[in-house]
Amino acid sequence: MQIALFQPDIPQNTGTILRLCACMDVAAHIIEPAGFPVSDRNFRRAGMDYLDQVSLMRHDSWSKFDQWRNERNYRLILFTTKGVSSYLDYHYDLNDILLFGRETAGVPDEVAAAADARLVIPIKKGLRSLNIAMAAAMALGEALRQTSAPIPTFANDRGDL
């Protein structure tokens, strides 16, 4: 299981998602261009010292990322407010890449068309969307639950997560 972020533009969200990936031992991908440098203070603060613990691959462009994942036969699962199927009804595989679009604009039609599935996290009618870091955590949790991928246990002897 992996998470990919398409041209992320809010450093705090990206840092938080990378922290999630580190804690859950899930590889992460950033598809450039990102809307901030990796030296951004907010990005580093949100990721804290976990950024050194995440397996992170940066891709120069959408086309390079798409070529990379096709060569490895990974399914691409897009999470979008325009999806028609609930993320809870989907059957995940360990070779899936969970893709999240730009916070301010989602993904272009070309990217959506390349996805093997377009899923939505249902929310209360009249509201636009969840925070992307929250959506990533919900999606990854369900995908790991379904695939029985090992989720790390307690982080310390006190039982803190």
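Details of the structure are given in the entry above.
Report follows, based on the coordinates.

Let us now look at the pairing of strand E7 (residues 117-120). As judged from the 3 bridges shared by strand E4 (residues 75-79) and E7, these two strands associate in the parallel manner. In the sheet register, Leu78 faces E7, and the bridge partner there is Arg118.

All told, the structure shown has 6 aromatic pairs when counted by the stated rule. On the numbers, 5.0 Å between centres and 15 degrees between planes, the contact of Phe79 with Phe100 is stacked. With a gap of 21 residues between them, Phe79 in strand E4 and Phe100 in strand E6 (residues 96-100) connect regions that are remote in the sequence. Since its relative accessible area comes to 3%, Phe100 is described here as buried.

Relative to the helices and strands, Ala34 is located in the loop between strand E2 (27-31) and helix H2 (41-47). Separated by 29 residues in the primary sequence, Ala34 and Leu5 have C-alpha atoms spaced 9.1 Å apart. Among all residues touching Ala34, those that are not within four sequence positions of it are Gln7, Pro8 and Arg58.

Glancing now at the pattern of salt bridges. Any two side chains of opposite charge can pair, so long as their charged atoms come close to each other. Applying the stated criterion to the full structure yields 8 salt bridges. Put simply, Arg145 and Glu142 hold a salt bridge, and the shortest N to O gap is 2.8 Å. Here the residue Arg145 and the residue Glu142 both occupy positions in helix H5 (residues 132-147), the gap between them amounting to 3 residues, near one helical turn. Look at the salt bridges and you will find they share partners, linking Asp66, Arg69 and Asp116 into a network.

For the pair helix H1 (residues 11-24) and H5, interaxial distance at closest approach is 9 Å and the crossing angle is 20 degrees. Our classification of the angle between H1 and H5 gives roughly parallel. Where H1 crosses over H5, the handedness of that crossing is right-handed. In this structure, H1 contributes Asn13, Thr16, Ile17, Leu20 and Met24 to the contact, and H5 contributes Ile132, Ala133, Ala136, Ala137, Leu140 and Leu144. Grouping the constituent residues of the contact of H1 with H5 by class yields 9 nonpolar, 2 polar and no charged.

Criteria and cut-off values
Residues numbered from 1 in each chain as written. Predicted model: local features only at pLDDT ≥ 70, side-chain atom pairs only at ≥ 80, totals over all residues. Heavy atoms only, no water. Pairing = 2+ DSSP bridges. Helix = DSSP H or I, 4+ residues; strand = E, 2+ residues; numbered from the N terminus. Phe/Tyr/Trp six-rings, centres within 6.5 Å; stacked < 30°, edge-to-face > 60°. Buried < 20%, exposed > 50% of the residue type's maximum accessible area, 1.4 Å probe, protein only. Contact = heavy atoms within 4.5 Å. Salt bridge = Lys/Arg side-chain N within 4 Å of Asp/Glu carboxyl O. Axes fitted to C-alpha atoms, helices over the stretch in contact; angles between N-to-C directions. Parallel < 35°, antiparallel > 145°, perpendicular 65-115°, else oblique. Left-handed = near helix turned anticlockwise from the far one by under 90°. Nonpolar A, V, L, I, M, F, W, Y, C, P; charged D, E, K, R; others polar.

Shape descriptors only; they carry no functional weight alone.
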